[in-house]
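# Chains, contacts and geometry: an overview
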Amino acid sequence: MAKNYYETLGVDKKASKDDIKKAFRKLAQKYHPDKGGDEAKFKEITEAYSVLGDDKRRREYDTYGQSFAGGGSQGQGAGFGGFDFSQFQQGFGGQGAEFDFGDLFDGFGDIFGGSRQARGKRGRDISIDIQISFKESVLGAKRSVLLAKVSACDVCHGSGAKPGTELETCSTCGGSGRVHETRNSILGAFTSVRACPACEGTGKIPKEKCTACGGHGVHRKEEEISIDIPAGMDNGEMIRLPQKGEAVKGGTPGDLYVKVHVQPHPVFRKDGANLLMELPVKLTDALLGATVSVETIDGKTIEVKVPAMRRAEEVLRIRGKGVALQGTRGDLLINVRVIMPQKLSGNAKKAVEDLKTEGL
């Protein structure tokens with residue numbers, strides 16, 4: 001039976017690209033196998049988004065109808081082409097949240113003739129959230145986090161073999177690391193290539209398995225990871241740590257994505273490379289000028305000269321006391337504003353009346 005990708009994602013045929021993306025993210029979080037969801041349903045919504053999320057394929061699908069086979073004139077073996085699942089990384093935030101973009105392609109080899117093995121094995125990407133202070137976002141900082149994740153075995157160093165023993169050629173795949181399967185589908189018979197389950201795609205199996213990891217070369221353990229937070233980070237920005245995600249036997253570890261949440265500051269706020277702050281001054285200081293002590297974001301105290309003000313608000317610029325970016329520092333912009341007295345004494349009223357007689 002032909003598939004209706006719009007119904008699969010639960011969107012209208014006139015839905016915008018953003019609406020389609022939001023629908024996919026919501027369903028992917030619900031049905032992802034690692035979250036205890038339905039794997040078959042997850043593959044259905046992923047297949048639907050691979051078409052509707054691409055402008056060209058969506059137009060072809062709308063033109064040719066429900067019998068669209070995911071590639072128009074591309075033909076068998078086209079796979080998903082340039083479709084990039086990495087755009088969804090930020091959509092699966094949260095402490096310990098995990099998303100394996102490579103797994104999104106599993107199951108489609110039967111239809112499109114694609115091969116995940118051809119792309120190489122890659123571990124899961126991991127996304128975590130951390131909270132930093134406003135000061136750390138301006139000046140930069142270092143953090144360490146303890147993550148429980150799949151990592152390379154420290155005993156066998158990822159080989160899966162007991163130390164001192166050798167690896168031998170896998171008899172199941174003959175050392176190729178791949179097995180071929182032929183299946184029938186609505187489009188006819190297709191041959192898919194998958195990683196060999198016996199050697200996990202490496203082409204080698206240990207003569208004696210490592211007792212620490214059971215021969216898998218990887219196992220789940222706690223690992224401390226250092227994070228360098230660059231200066232000038234904004235709230236919601238991501239830091240990517242290559243190959244700090246989960247490991248996979250015979251492949252490349254995934255990446256670790258760190259979403260940064262910046263706590264607000266009671267005094268300062270950012271405007272690009274500049275820092276902004278408010279400085280209330282008394283009426284007399286505004287009229288006569290004054291020198292005021294101001295504490296900067298790095299905790300140092302500087303003396304700021306406030307000249308006699310011509311307006312109720314003035315902006316003073318202190319160079320080099322702003323956000324550190326690419327080896328330079330922005331400026332500190334001080335918005336000086338006059339505080340009007342709530343009550344005047346008799347002497348104060350007389351002084352103001354004297355000023356009034358002078359036309360002030």
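As shown above, the structure is provided for reference.
Residues numbered from 1 in each chain as written. Predicted model: local features only at pLDDT ≥ 70, side-chain atom pairs only at ≥ 80, totals over all residues. Heavy atoms only, no water.

## Overview of the pairing of strand β12 (residues 274-282)
One ladder, built from three bridges, connects strand β11 (residues 269-271) with β12; its direction is antiparallel. Along β12, the bridge assignment pairs Lys 270 with Leu 275. Between the antiparallel neighbours β11 and β12 lie two residues, among them Gly 272 with a positive phi of about 65 degrees. Note that β12 and strand β18 (residues 332-339) share eight bridges and pair parallel. Looking at the pairing, Leu 275 lines up with Leu 332 of β18. (Pairing = 2+ DSSP bridges. Helix = DSSP H or I, 4+ residues; strand = E, 2+ residues; numbered from the N terminus.)

## Quick notes on helix α2 (residues 17-31)
Taking 1.5 Å of rise per residue, 15 residues should cover 21 Å, and α2 covers 21 Å from first to last C-alpha, within 8% of that figure. Within α2, burial applies to Ile 20, Ala 23, Phe 24, Leu 27, Ala 28 and Tyr 31. Angularly, the buried residues of α2 cover 130 degrees about the axis, an arc narrow enough to put them on a single face. Exposed and facing more than 90 degrees away from the buried side of α2 are Lys 22 and Lys 26. (Expected span 1.5 Å × (residues − 1). Buried < 20%, exposed > 50% of the residue type's maximum accessible area, 1.4 Å probe, protein only. Arc of directions from axis to C-beta.)

## A few points about the environment of Lys 209
Turning to its location among the elements, Lys 209 is positioned in the loop between β7 (204-206) and β8 (218-229). Residue class for Lys 209 comes out exposed when judged on its relative accessible area of 56%. Expressed as a C-alpha distance, the spacing of Lys 209 and Lys 162, which sit 47 residues apart in the sequence, is 5.1 Å. Residues contacting Lys 209, with those up to four places away along its chain left out, are Gly 160, Ala 161, Lys 162, Gly 214 and Gly 215. (Contact = heavy atoms within 4.5 Å.)

On their own, these measurements won't tell you what the molecule is for.
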